[in-house]
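Summary of the model geometry
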Amino acid sequence: MHGQPQEQAHGQPTHGAPAPHPLAPDWLSPITDSAGLEHHLLPADAHRDDDGVLTVGGVDVASLAEEHGTPLYVLSESDFRARARAFREAFGRAFAPETEVDVFYAGKAFLSTQVVAWAVEEGLCVDTSTGGELAVALAGGADPARLGLHGNNKSDDEIRRALDAGIGRIIADSLDELERIETIAEQMRTRAPVMLRLTPGVHASTHEYIATAHEDQKFGLSMARDSGPSVAERAAAAALDSEHIDLRGLHCHIGSQIFEPTGFEVAARRLIELVADIRRDHGVELAELDLGGGHGIAYTEADDPRRPEDIAEALAATVKTACAEADLRVPRISIEPGRAIVGPAGFTLYRVGVQKDVGVDAPDGSTATRRYVAVDGGMSDNARGVLYGADYSAVLAGRKVVGDHRLSRIVGKHCESGDIVVRDVYLPAATVRGDLLAVPATGAYCHSLASNYNWLPRPAVVAVAEGAARTLIRRETEDEMLSRDTGWTA
Ligand code: LLP
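What counts as what
As a convention, each chain's residues are numbered from 1 in the sequence order in which they are written. Totals for whole chains, interfaces and linings use all residues, but because this is a predicted model, local features are given only for residues with pLDDT of at least 70 and pairs of side-chain atoms are given and counted only at 80 or more. Excluded from the side-chain calculations are hydrogens and water; all other atoms, namely the structure's heavy atoms, are used. The pairing criterion is simple: DSSP has to find at least two bridges between the two strands. Labels follow the DSSP assignment, with helices taken as runs of H or I lasting at least four residues and strands as runs of E lasting at least two, numbered in each case from the N terminus. The criterion for a residue being near a molecule or strand is simple. One of its heavy atoms has to lie within 4 Å of it. Polar contacts here mean pairs of N or O atoms no more than 3.5 Å apart (in protein, one a potential hydrogen donor and the other a potential acceptor; neighbouring residues in sequence count only if both atoms are side-chain atoms). Only the protein chains shown count as cover for residues, with accessible areas throughout obtained via the Shrake-Rupley method and a probe of 1.4 Å. In the scheme used here, Gly and all other residues not listed as nonpolar or charged are polar, with Ala, Val, Leu, Ile, Met, Phe, Trp, Tyr, Cys and Pro taken as nonpolar and Asp, Glu, Lys and Arg as charged. Domain ranges listed in this record stem from an automatic or a database domain assignment. Under the scheme applied here, a residue whose accessible area is under 20% of the maximum for its type counts as buried, over 50% as exposed, and between as partly exposed, the area being computed with a 1.4 Å probe on protein chains only. By definition, residues are in contact when any of their heavy atoms lie within 4.5 Å.

So, the sheet that holds strand β3 (residues 54–56)
Taking strand neighbours across the sheet as the criterion, the three strands line up as β2-β3-β4 in an open arrangement whose pairing is antiparallel. Both outer strands of the open sheet, β2 (46–48) and β4 (59–60), are each paired with one neighbouring strand and no more. Where β3 and β4 come together, two bridges link them in antiparallel fashion. The residue of β4 that forms the bridge with T55 is D60.

Below, the structure is given as structure tokens:
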């Protein structure tokens, strides 16, 4: 039967809305209508039109899919801009009048020249972490003085390019790198503006692969003291001693997708203590403090992110108190949010293909049915499930269906059983082949982590605003992929 889920021999079809489904995780409400969910997880300008079609930025997803194909990354320009502004204003307010705040948009989350322009127009600086990201930021018209260059293994060429462009700051990640920055700056007869990236020994509560400030990982200069000075203190001494390094301040980034405020606050206090120690030892009060990014967003109904105002006020209180205790001026502050600006502004549109109902032994001893809904993309356009076991949600986007829902697992078309886009979601039982699904909160770390696995071309990224869609990044073509194959003749 075309378009209907295929019942497998051992499958137990469910009848009526399962409440709760034995295979569903505890956090998933047995919804039968996804209207509430959409408002929570999709961009702020998303709504259903009179025909039930999801509309974002005044553009309906059915026409987007028609014109641009699927899978398709869709980005709401106004949502991105609003989030960028919210961070800038909230942090500016919270730290006033003592100091000013620079918000660096972390380009690794998603970068294109036009997105650089949005960030710049909203008063943000841009954080890059490779020569490639730097090239995009410069091509997008960013003022080099408002760019930063990160990376735990910068090449000499990347350092040279950054200095040559007149970059605002290089964030040094190791003693070896600090020396190389100094040597290159000397060769170029310049002074390199440098921040030191420190590991304050905080283990952020997030996935192990995206926690970045505990000792046992590759990033940063350790603040741990054994008998002598820490690596961080040695780096500060070397930087202050160098004619070719202009040491601006200290930096930390404790990890990503973090909801808990404590880690940020502990890290900020430790950095401020070091600023005080450096003043004591060297008579220099460092002017800047970067507290990194990492603010968590909602991927599913289980996530309850903090508002930028709350994040800013808590951090400002911590920083102001710690500075007052150490008798320090509050340094100029910077932060580097990526995901919290672009993540919720984006979603991915897929078309439903094959569906299967599979019988599964449930933890309660029963056999329950899980519906597998395959879509036309997968781990090549969203690797986060495979990499971090990330959870997502989804809604039927091309039409509104009232009626029963089924516990579903949205999977891709790649040759791996781990190719899961949305692990658990209730979708209308009447979902059929060709239906459009929107997976919210894919604006960050989806296009930027995309691959050509199984030779799938990477999807386009389209921005929507004021009733119009604009392609930010074209869909890749098979010819483009083949053009890298030297045996191919067109
Ligand atoms: N600053 C630095 C130095 C960073 O390394 C990062 C992210 C950020 C800022 C921005 O963090 P955000 O605000 O976006 O959380 N691919 C992973 C995330 C990797 C984060 C890498 N660094 C994911 O998809 O969850």
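Let's pick the thread back up.
As for the environment of D216
Counting through the fold element by element, D216 comes out in the loop between β10 (192–199) and β11 (221–222). Along the chain, D216 and G201 lie 15 residues apart, while their C-alpha atoms are 9.1 Å from each other.

Observations concerning the site of the ligand
Near the ligand lie 18 residues; those nearest to it are S256, E336, R384, Y388 and Y445. K108 is positioned such that a nitrogen or oxygen atom in its side chain is 3.1 Å from an oxygen atom of the ligand. Within the backbone of G294, an N or O atom sits 2.8 Å from an oxygen atom of the ligand. In the complex, the protein chains occlude 92% of the 580 Å² of accessible area that the ligand would expose alone. In the shell around the ligand, the residues fall into six nonpolar, six polar and six charged. Composition of the shell around the ligand by domain shows at least three residues from each of domain 1 (6–76 + 345–482) and domain 2 (100–342).

Focus: the side chain of H150
With respect to the helices and strands, the residue H150 is situated in the loop between β8 (147–149) and α6 (156–165). Residue class for H150 comes out buried when judged on its relative accessible area of 4%. A polar contact of 2.8 Å, which involves the side chain of H150, links it to the side chain of E336. If near-sequence neighbours (up to four positions away) are discounted, H150 is found in contact with D127, T128, S129, T130, I171, R197, H251 and E336.

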